[in-house]
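Descriptive analysis of the structure
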Amino acid sequence: QVQLQESGGGWVQAGGSLRLSCEASGATGSINAMGWQRQVPGKDRELVAAIGHDGTTNIARSVRGRFTISRDSAKNTVYLQMDRLKPEDTAVYYCYTDSYFPETMRDVNFWGQGTQVTVSA
């Protein structure tokens, strides 16, 4: 099992910045990739950004150029720097991991509890 602790959400005016952090604990050796997804009521959860063990990133087109994902492997922590925020970025942001357990040959996703980001116009 992997436990994820998120922090850094909150309220900001449009054009402002927030930084989300997510620290993993537990079976951290299983983690291949970490990332963030977000969800607004009535819509499906969508990928925001992800970063692999080798540092390769995948950034959603809607946030490209405004959001940056980074990872401190020594601290088992992933960060999401969000700049030039827009009202449409308002959502609950969830940290997740892509983990692999060779003993069972299973890929498993673990999720944080979510942190609210609200951007006012």
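Please refer to the structure placed before this passage.
Not measured: the values here are computed from a predicted model.

**Focus on the pattern of salt bridges**
Overall, the coordinates contain three salt bridges when judged by the stated rule. The partner of Asp-89 in a salt bridge is Arg-38, and the shortest N-O contact between them spans 3.0 Å. Remark: Arg-38 occurs in strand β4 (residues 31-39) and Asp-89 occurs in the loop between β8 (77-82) and β9 (91-101); sequence separation between them is 51 residues. Both residues of the pair, Asp-89 and Arg-38, belong to the buried class. Through salt bridges with shared partners, a single network forms among Arg-38, Glu-46, Arg-66 and Asp-89.

**Considerations on the environment of Gly-114**
Note that Gly-114 resides in the loop between β10 (106-111) and β11 (115-120). The spacing of Gly-114 and Gly-9 is 105 residues in sequence and 9.0 Å in space, taken between C-alpha atoms. Setting aside chain neighbours within four positions, we find Gly-114 in contact with Glu-6, Val-92, Tyr-93 and Tyr-94.

**So, the sheet that holds strand β1 (residues 2-7)**
Strand order in the open sheet formed by four strands is β1-β3-β8-β7, with antiparallel pairing between adjacent strands. The open sheet has two edge strands, β1 and β7 (67-72), and neither has a second partner. Strand after strand, the sheet turns through a mean of 15 degrees between neighbouring axes, direction not considered. Looking at chain direction, β1 and strand β3 (residues 18-26) are connected through six bridges and run antiparallel. The residue bridging Ser-7 from the neighbouring strand is Ser-21, located in β3.

**Regarding unusual backbone geometry**
At Arg-84, a position not held by glycine, the phi torsion is positive, near 45 degrees. Mapped onto the elements of the fold, Arg-84 is located in the loop between β8 and β9. Although it is not a glycine, Met-105 adopts a positive phi angle of roughly 55 degrees. Relative to the helices and strands, Met-105 is located in the loop between β9 and β10. Exposure remark for Met-105: the relative accessible area of 65% places this residue in the exposed category.

**Concerning the packing of aromatic side chains**
One pass over the structure, following the stated rule, counts two aromatic pairs. Directly above the aromatic system of Tyr-79 lies the positively charged group of Arg-19, at a separation of 4.1 Å from the ring centroid. Above the plane of the ring of Trp-111 lies Arg-45, whose end atom (NZ or CZ) is 4.7 Å from the centre.

**Quick look at the state of the cysteines**
With the rule as written, the count across this model stands at one disulfide. Each disulfide pairs two cysteine sulfurs, and for Cys-22 the partner residue is Cys-95, the sulfurs being separated by 2.0 Å. Between Cys-22 and Cys-95, the S-S torsion sits near -80 degrees, and that sign places the bridge as left-handed. Linking Cys-22 in strand β3 with Cys-95 in strand β9, this pair joins segments that are 73 residues apart in sequence. This pair shows no difference in class: Cys-22 is buried, exactly as Cys-95 is.

About the thresholds
Every chain's residues receive numbers from 1 upward, in the order its sequence appears when written. In view of the model being predicted, local features appear only for residues whose pLDDT reaches at least 70, and side-chain atom pairs are presented and counted only at 80 or more, with totals across whole chains, interfaces and linings using the full set of residues. No hydrogens and no water enter the side-chain calculation; it runs on all heavy atoms of the structure. When a carboxyl oxygen of Asp or Glu lies within 4 Å of a side-chain nitrogen of Lys or Arg, that pair is called a salt bridge. Numbered from the N terminus, helices here are DSSP runs of H or I no shorter than four residues, and strands are runs of E no shorter than two. Only protein chains enter the calculation, and the probe is 1.4 Å; a residue is then buried if its accessible area is under 20% of its type maximum, exposed if over 50%, and partly exposed in between. Here, two residues are considered to be in contact whenever any of their heavy atoms come within 4.5 Å of each other. Pairing between strands is defined by DSSP: at least two bridges between the two strands are required. Angles shown run from 0 to 180 degrees and are taken between the N-to-C directions of axes, each axis being a line fitted to C-alpha atoms and, for helices, limited to the stretch in contact. The criterion for an aromatic pair is that two Phe, Tyr or Trp rings (for Trp, the six-membered ring) have centres within 6.5 Å, with stacked assigned to planes under 30 degrees apart, edge-to-face to planes over 60 apart and tilted to the rest. Lysine NZ or arginine CZ positioned within 6 Å of the ring centre and within 35 degrees of the ring normal marks a charge as sitting over the ring. When two cysteine sulfur atoms are found within 2.5 Å, that pair is recorded as a disulfide.

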